[in-house]
Amino acid sequence: WQGRLGAMGKSGRGEQRLRDNAIGELVQDLLHVVVGKTNLLSPFENMALSDGLKASEATARDYFEALLEFVAPPKPGPDQFARLAGAVENLPVGPGKAKAATWPGLTVAPFLARPDAFVFLKPEPTRACADRIRFEIHYSAELRWTTYSSVLKMSQLLMEWLAPRGARDYIDVQSFMWIIAKY
């Protein structure tokens, strides 16, 4: 991902493409990685994200502006989260099609862009892990900062525990969470 979009945030390739109005290239790079190189999203979630980003250059621009704003600071807050969640919720949805505004649809790009700072939230395994380790994540199907910030806190605690065992980022934490959820 970082190789396709370059460094996220200020002075990165993503910022440059926004300035150059190269929205199609941003969409292509994101989908190349999310749809073509990972299996994090379900086929329906992949299609929803792809269709939503390709449907309107204006909404795709809003999405990438919000995404870059969210991943740029060392620690984003509720305002950046709300802007990104709103941009995902505004991605167009075709009649009878799945929507991109789900936890996986919202969190996949930040996770892939900065696995040192963001966790991917797949509801079932994340909730199962939280239950197993008795950590309250304030889960809601609605895209709320309260839920995501709680999941980030849980992930940070897991990272602190796993780092001496070789974990390097939230990709390792995510793998651990899914194993805990399964067993």
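Every value quoted in this text rests on a predicted model; they were computed, and no experiment measured them.

## A word on the overall build of the protein chain
Piece 1. Helix and strand counts for the protein chain stand at 10 helices and zero strands.
Piece 2. Moving toward the C terminus, one meets the helices and strands of the protein chain in the order α-α-α-α-α-α-α-α-α-α.
Piece 3. Dimensions of the protein chain, computed from the C-alpha atoms along their principal axes, are close to 45 × 40 × 30 Å.
Piece 4. The buried share among the 183 residues of the protein chain stands at 51%.
Piece 5. The contacts in the protein chain between residues at least 6 apart in sequence include a share of 59% that link residues at least 24 apart.
Piece 6. Counting every atom, the protein chain has about 9200 Å² of accessible surface; 52% of that belongs to carbon and sulfur.
Piece 7. The protein chain carries 22 positive and 20 negative side-chain charges, and their two centres are separated by 5 Å.

## As for the pattern of salt bridges
Piece 1. Per the counting criterion, the structure on display carries nine salt bridges.
Piece 2. The residue Asp29 makes a salt bridge to Arg13 at a minimum N-O spacing of 3.8 Å. With Asp29 in helix H3 (residues 23-34) and Arg13 in helix H2 (residues 13-19), this residue pair connects regions lying 16 residues apart in the sequence.
Piece 3. Taking the relative accessible area as the measure of exposure, Asp29 reaches 5% and is therefore buried.
Piece 4. Given a relative accessible area of 37%, Arg13 falls into the partly exposed group.
Piece 5. Measuring nitrogen to oxygen at the nearest pair gives 3.2 Å for the salt bridge that ties Arg17 to Glu25.
Piece 6. The exposure class of Arg17 is buried, given its relative accessible area of 14%.
Piece 7. Residue classification places Glu25 among the partly exposed positions, given a relative accessible area of 39%.
Piece 8. Where salt bridges share partners, they join Arg13, Arg17, Glu25 and Asp29 into one cluster.

## Looking at the nonpolar core
Piece 1. One finds Leu49, Leu53, Tyr63, Phe64 and Tyr148 to be the most contacted residues of the largest nonpolar core, which totals 55 residues.
Piece 2. Sorting the residues of this core by element identifies H3, helix H4 (43-55), helix H5 (57-71), helix H6 (78-89), helix H7 (103-113), helix H8 (123-132), helix H9 (145-162) and helix H10 (170-182) as the ones contributing at least two each.
Piece 3. Of the residues forming this core, the biggest block, eight residues, is contributed by H5.
Piece 4. Setting aside its immediate chain neighbours within four residues, Leu49 contacts Leu30, Leu31, Val34, Leu41, Leu91, Ala100 and Val108.

The rules behind these values
Residues numbered from 1 in each chain as written. Predicted model: local features only at pLDDT ≥ 70, side-chain atom pairs only at ≥ 80, totals over all residues. Heavy atoms only, no water. Helix = DSSP H or I, 4+ residues; strand = E, 2+ residues; numbered from the N terminus. Buried < 20%, exposed > 50% of the residue type's maximum accessible area, 1.4 Å probe, protein only. Contact = heavy atoms within 4.5 Å. Areas by Shrake-Rupley, 256 points an atom, 1.4 Å probe, with all protein chains shown as cover. Lys, Arg positive; Asp, Glu negative; His and termini not counted. Charge placed at Lys NZ, Arg CZ, Asp CG, Glu CD. Salt bridge = Lys/Arg side-chain N within 4 Å of Asp/Glu carboxyl O. Core = buried A, V, L, I, M, F, W, Y, C linked by side-chain atoms within 4.5 Å.

Structural measurements only, silent on function.
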